[in-house]
Amino acid sequence: MIARVPVRTASLIGVPTDVGASARGASMGPEALRVAGIREAILHRGMQVIDRGNLSGPGNPCGLRNGGYRHLQEVIEWNRSLHDAVLAELASNRLPIVLGGDHSIGIGSISAVARHCRERGRKLRVLWLDAHADFNTAAISPSGNLHGMPVACLCGFGPPELVAIGGGMPAIRPEWLRLVGVRSVDAEEARFVHEQGLEVFDMRCIDEIGMRETMSQALAGIDGQTHLHVSFDVDFLDPQIAPGVGTTVMGGPSWREAQLCMEMIADTGQLGSLDIVELNPALDVRNQTAAFAVELIESLLGKATLVRRRAMGRRHARGPAKSPELSRVQRIDHPDAGLFEVGPVAGRHSQPMDEGRGSHHAVLDRL
Ligand SMILES: [Mn+2]
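Residues numbered from 1 in each chain as written. Predicted model: local features only at pLDDT ≥ 70, side-chain atom pairs only at ≥ 80, totals over all residues.

1. Some points on the overall build of the chain
- What the chain contains, in helices and strands, is 13 helices and 10 strands.
- Counting all 367 residues of the chain, 54% fall into the buried class.
- Across the chain, the fraction of contacts at a sequence separation of at least 24, relative to all contacts at a separation of at least 6, is 77%. (Helix = DSSP H or I, 4+ residues; strand = E, 2+ residues; numbered from the N terminus. Buried ≥ 20, exposed ≤ 12 C-beta atoms within 10 Å, placed from the backbone. Contact = placed C-beta atoms within 7 Å.)

Here it is in structure tokens:
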């Protein structure tokens, strides 16, 4: 049962492009996710699925940097189409699941989500799961590739055609964002992240406090009026388990950490939209990265020891567990995905929490 997921019909929107990336191949991502069974996985969660097929747009001209950007016009065209497609699904009360495509498509997708929330007076929280901060601008980007700039564009720093794509100027405010898993930031970009006050939970933070506390802080403040958007760059994952991306960075979250991350997002019950980006089948091994991504999406949609978690959450919501058994994190074998960590973690959302801003800027504080 997934009663806590508010939207029961998911819409798959394929965006087969790699115009924002340096390596070619992310344009094959949508089909790889379908081959890995994303539709069936969502159906298994008890949801309905409508596959809208793929958007169409310009091919990859393999051009050089021009005026600070590579392929700006192509990126604009893809993002305009995607904006309209995502907005239409949200207006019909469906959960858009965008199958990328490189990460530049986060601009159109999240601009539409932000417009939807603005028009309905909903709060928006964007979780950016990524090895990179994606906060470059033309002035500081080493490459001009727009897949390194979507966070900046969404926050108002970028070409006007992209910044204003959803009608809001800017689409989102930095304080609505949480970046998780970051471990590769260009020097100028890091200064800009710091200057704009982005809340970054980098890998050092995850090493030090663990994924559980990291996600607890990243999700703090989400309530029943919050639309939660997840922008899942597959390079978030450690390349040992997810080799099929163009910009691998060693030292990412493990299988278990990634599962826990997704399960804790599911526990909020507020997931409203999702992008899966940067999957590159040309670099994958027997589609294993796509298959892993699909497993994580199942967790994100509520697959896990949900009944037990919810029971423990209710128990914990009345106050800290008094019995030592309840306080101890337990490990049980799960027939589907090996070990699941369970314990009184589900009660964390019942604890009063502030927004927690400014406490984990490790990448930046070391500057
Ligand atoms: Mn990215």
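2. Considerations on the packing of helix α3 (residues 72-91) against helix α4 (residues 106-120)
- Direction vectors running N to C along α3 and α4 enclose 40°, while the axes themselves pass 7 Å from each other. As for the relative orientation of α3 and α4, their crossing is right-handed in sense. In contact with Asn-79, Arg-80, Leu-82, His-83, Val-86, Leu-87 and Leu-90 of α3, α4 contributes Ile-107, Gly-108, Ser-109, Ser-111, Ala-112, Val-113, Arg-115 and His-116.
- Looking at the contact of α3 with α4, its residues break down into 7 nonpolar, 6 polar and 2 charged. (Axes fitted to C-alpha atoms, helices over the stretch in contact; angles between N-to-C directions. Left-handed = near helix turned anticlockwise from the far one by under 90°. Nonpolar A, V, L, I, M, F, W, Y, C, P; charged D, E, K, R; others polar.)

3. Quick look at the sheet that holds strand β1 (residues 9-15)
- The strand order across the open sheet formed by 8 strands is β2-β1-β3-β8-β7-β4-β5-β6, and the pairing between neighbours is parallel. The sheet terminates laterally at β2 (48-54) and β6 (200-202), the two strands that pair on one side only. Each adjacent strand pair in this sheet contributes to an overall mean axis angle of 15°, direction not counted.
- Taken strand by strand, helix α8 (residues 203-218) contacts β4 (123-129), β5 (177-182) and β6, and its axis lies near 135° from that of β6. (Pairing = 2+ DSSP bridges.)

4. Thoughts on unusual backbone geometry
- The peptide bond linking Gly-100 to Gly-101 adopts the cis configuration, its omega dihedral lying at 10°.
- Locating Gly-101 in the fold gives a position in the loop between β3 (95-100) and α4.
- Cis geometry is adopted by the peptide bond preceding Pro-170, which originates at Met-169 and carries an omega value of -10°.
- Structurally, the position occupied by Pro-170 is in the loop between α6 (160-163) and β5.
- One non-glycine residue, Asp-134, lies in positive phi territory at about 50°.

5. Re the packing of helix α9 (residues 255-268) against helix α10 (residues 288-300)
- α10 packs onto α9 with a crossing angle of 30° between their chain directions and a minimal axis gap of 7 Å. Mapping the contact onto sequence places Ala-258, Gln-259, Met-262, Glu-263, Ile-265 and Ala-266 in α9 and Leu-296, Ser-299 and Leu-300 in α10.
- A per-class count over the contact of α9 with α10 returns 6 nonpolar, 2 polar and 1 charged.

6. Some words on the environment of Leu-228
- In this structure, Leu-228 sits in strand β7 (residues 226-233).
- You can call Leu-228 buried: it has 20 C-beta atoms within 10 Å.
- Expressed as a C-alpha distance, the spacing of Leu-228 and Trp-176, which sit 52 residues apart in the sequence, is 9.9 Å.
- When sequence neighbours within four positions are dropped, the list of residues in contact with Leu-228 reads Arg-125, Leu-127, Ile-222, Thr-268, Gln-270, Leu-271 and Gly-272.

7. Description of the pairing of β4
- In terms of burial, β4 is largely enclosed, as 6 of its 7 residues are buried.
- Taken together, the 4 bridges between β4 and β5 define a ladder with parallel strand orientation. Bridge pairing in β5 places Trp-128 opposite Leu-179.

8. Considerations on α4
- With 15 residues, α4 extends 21 Å between its outermost C-alpha atoms, agreeing within 8% with the 21 Å of an ideal straight helix rising 1.5 Å per residue.
- Burial within α4 is extensive, with 11 of its 15 residues counted as buried.
- Along α4, the residues classified as buried are Gly-106, Ile-107, Gly-108, Ser-109, Ile-110, Ser-111, Ala-112, Val-113, Ala-114, His-116 and Cys-117.
- Looking at the residues trailing α4, positive phi occurs at Gly-121, about 65°. (Expected span 1.5 Å × (residues − 1).)

9. Regarding the confidence of the model for the chain
- In the predicted model, the chain carries a mean pLDDT of 86, and 81% of its residues have values of at least 70.
- Across residues 310-362, where pLDDT falls below 50, the model places 64 contacts with residues more than four positions away in sequence or in other chains. (pLDDT = per-residue confidence, 0-100.)

10. Considering α9
- Between its terminal C-alpha atoms α9 stretches 21 Å, which fits the 20 Å expected from 14 residues at 1.5 Å a residue.
- Along α9, 11 of the 14 residues are buried, which leaves the element largely enclosed by surrounding structure.
- Positive backbone phi, approximately 70°, marks Gly-269, located one or two places after α9.

11. Section: the nonpolar core
- Leu-33, Val-98, Ile-265, Ile-276 and Ala-293 are the most contacted members of the largest nonpolar core, which has 102 residues in total.
- Looking at this core element by element, the count peaks at 9 residues for α3.
- Residues contacting Leu-33, with those up to four places away along its chain left out, are Ile-38, Leu-99, Ile-276, Leu-279, Ala-290, Ala-293 and Val-294. (Core = buried A, V, L, I, M, F, W, Y, C linked by C-beta atoms within 7 Å.)

12. Description of the environment of Leu-179
- Assignment of secondary structure puts Leu-179 in strand β5.
- Classification of Leu-179 by C-beta neighbours within 10 Å gives buried; the count is 26.
- C-alpha separation for the pair Leu-179 and Trp-128, spaced 51 residues apart in sequence, amounts to 4.6 Å.
- Residues within four places of Leu-179 in sequence aside, it is in contact with Trp-128, Asp-130, Ala-133, Leu-198, Glu-199, Val-200 and Phe-201.

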